[in-house]
Amino acid sequence: MSKRDYYDVLGVSRNAGENEIKKAYRKLALEFHPDRNKGNKEAEERFKEAAEAYEVLRDREKRDIYDRFGHQGLEGRGFRGFSGFEDIFSSFGDIFDDFFGFGNSRGRKTREKQGKSLRYDIELSLKEAYYGIDREISFYRQDVCPECNGSGSGFGSEPQICPTCQGRGQVVRSQGFFQISSTCPMCHGQGEIITNPCSNCSGQGRIRIERTINVKIPPGVDTGSQLRLRNEGEPGDFGGPKGDLFVVIHVNEDRFFKREGDDLLCEVPVSFVQAALGSTVNIPVLGEDGDYDLDIPQGTQPGEIIRIDGKGMPSVRRYHKRGDLYAKVIVKVPQKLNQRQKDLLEAFAETEGLAVTGRAKRWKAFGRK
Ligand SMILES: [Zn+2]
Ligand SMILES: [Zn+2]
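All values derive from a computational prediction rather than experimental measurement. (Residues numbered from 1 in each chain as written. Chains lettered and ligands numbered in written order. Predicted model: local features only at pLDDT ≥ 70, side-chain atom pairs only at ≥ 80, totals over all residues. Heavy atoms only, no water.)

Moving on, we get to the nonpolar core. Core analysis: the biggest nonpolar cluster contains 37 residues, and Ile-217 and Val-247 have the highest contact counts within it. Of the residues that make up this core, three or more belong to each of domain 2 (118-150 + 205-251) and domain 3 (258-332). Excluding residues within four positions of it along the chain, Ile-217 makes contact with Ile-122, Leu-124, Gly-132, Ile-133, Arg-135, Leu-227 and Ile-249. Formed by 28 residues, the second largest nonpolar core is a distinct cluster that contains Ala-29, Ala-53, Val-56 and Leu-74. (Core = buried A, V, L, I, M, F, W, Y, C linked by side-chain atoms within 4.5 Å. Buried < 20%, exposed > 50% of the residue type's maximum accessible area, 1.4 Å probe, protein only. Domains from an automatic or database assignment. Contact = heavy atoms within 4.5 Å.)

Laid out in structure tokens, this is it:
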């Protein structure tokens, strides 16, 4: 297969200058770029052909040999052209900078990635959840190394653009009809290599730090509530934004109050006499008051529920709203009675016309045996 004349390939005259040659090549390289001509074999050939022509004509020495001896002259001196795209990109990567996301600035932007978000679990008592609290929390996270500002390079030096991929982070290889793009083995996709690593972070650009912050937990939170603290997560890659910190709330069970949404439930033990006659029982409540005089109406039945308006939990969603408190009345029957109490209860039973005496005695006798 005979090779085309390099000047014809680029479409320039024999005395074209450096700039003209570069311009002509760039035009062709963009037109036949593999990213724009996926699977187009002819474009691939044209792309390679143009790269080879450019490689020769931009180089004074090679151009001179070519002008005098043609293709054979170069081959006789060991010039083989390019083996594949990887070769071409590593030689002329800079020529694409302004056009594709390859080179430095643009390439990095397209790879921007938000940092990892973190989770921190907080346990609260019901009372803390009621009032809301400020809690100081400490946690570990990856952070930008302050010594090298995240570059990973030691003092006074900067990362170098990876020579293998020209900062793309990817290399393209031809295999038969296919172009295979893979992570650059030299820089592991970073696009840059560190020649003089920062001693503080060993060139990672990141270090593990302990971070202490104050978290404001609003009143009314419940188990499963999450607070999102923006930018308190880990730093992003390639200049991407930081992740967030999610504070996940767990409210511990309370001994006296059970919670259902914004409402609270409690059990109020009263004697059977209090239930029968009616009375006032002092019970604890959350909030400024601290306690509350609950009215037990005369004739309250066991298990009856009394609602106390607005003595529940504050609502996280509805400002200045509070749930209700539901008090369940537990009627206690005395297990031990003294003689006087027995006499009184028997007298009471007689007023109700109940023949308890005989039966009670029988049960007593039975119980003793
Ligand atoms: Zn560092
Ligand atoms: Zn690389």
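The zinc ion (ligand 2) binds to the protein through Cys-162 (SG), Cys-165 (SG), Cys-184 (SG) and Cys-187 (SG), with metal-donor distances spanning 2.2 to 2.3 Å. Bound by four donor atoms, the zinc ion (ligand 2) shows angles of 105 to 113° at the metal and therefore tetrahedral coordination geometry. Binding-site remark: the zinc ion (ligand 2) is held by donors from one chain whose sequence spacing is C-x2-C-x18-C-x2-C. Here Cys-162 is found in the loop between β3 (160-161) and β4 (170-175), whereas its partner Cys-184 is found in the loop between β5 (178-183) and β6 (192-193), with 22 residues between them in sequence. (Donors = N, O, S within 2.8 Å, 3.2 Å for Na, K, Ca; no water. Tetrahedral: all angles 85-135°; square planar, octahedral: opposite > 155°, others 65-115°. Helix = DSSP H or I, 4+ residues; strand = E, 2+ residues; numbered from the N terminus.)

Scored by pLDDT, the protein chain comes out at a mean of 85, with 88% of its residues at no less than 70. Residue range residues 98-109 is modelled with pLDDT below 50. Its contacts to residues more than four positions away, or to other chains, number 27 contacts. Long-range and interchain partners of residues 362-369, a stretch whose pLDDT sits below 50, account for one contact in this model, where long-range means more than four residues apart. (pLDDT = per-residue confidence, 0-100.)

A separate point is the coordination of the zinc ion (ligand 1). For the zinc ion (ligand 1), the full set of protein donor atoms is Cys-145 (SG), Cys-148 (SG), Cys-198 (SG) and Cys-201 (SG), and the range of their distances to it is 2.3 Å. For the zinc ion (ligand 1), the four donor atoms are set out with angles of 104 to 114° between them, so the coordination reads as tetrahedral. Site description for the zinc ion (ligand 1): donor spacing in sequence, C-x2-C-x49-C-x2-C. An identical accessibility class is assigned to Cys-145 and Cys-148; each is buried.

Let us look at the sheet that holds strand β15 (residues 325-332). The four strands lie next to each other as β10-β11-β15-β14, forming an open sheet whose pairing is mixed. The open sheet has two edge strands with one neighbour each: β10 (258-260) and β14 (305-308). Shown here is a sheet whose adjacent strand axes are inclined to one another by a mean of 30°, direction ignored. (Pairing = 2+ DSSP bridges. Axes fitted to C-alpha atoms, helices over the stretch in contact; angles between N-to-C directions.)

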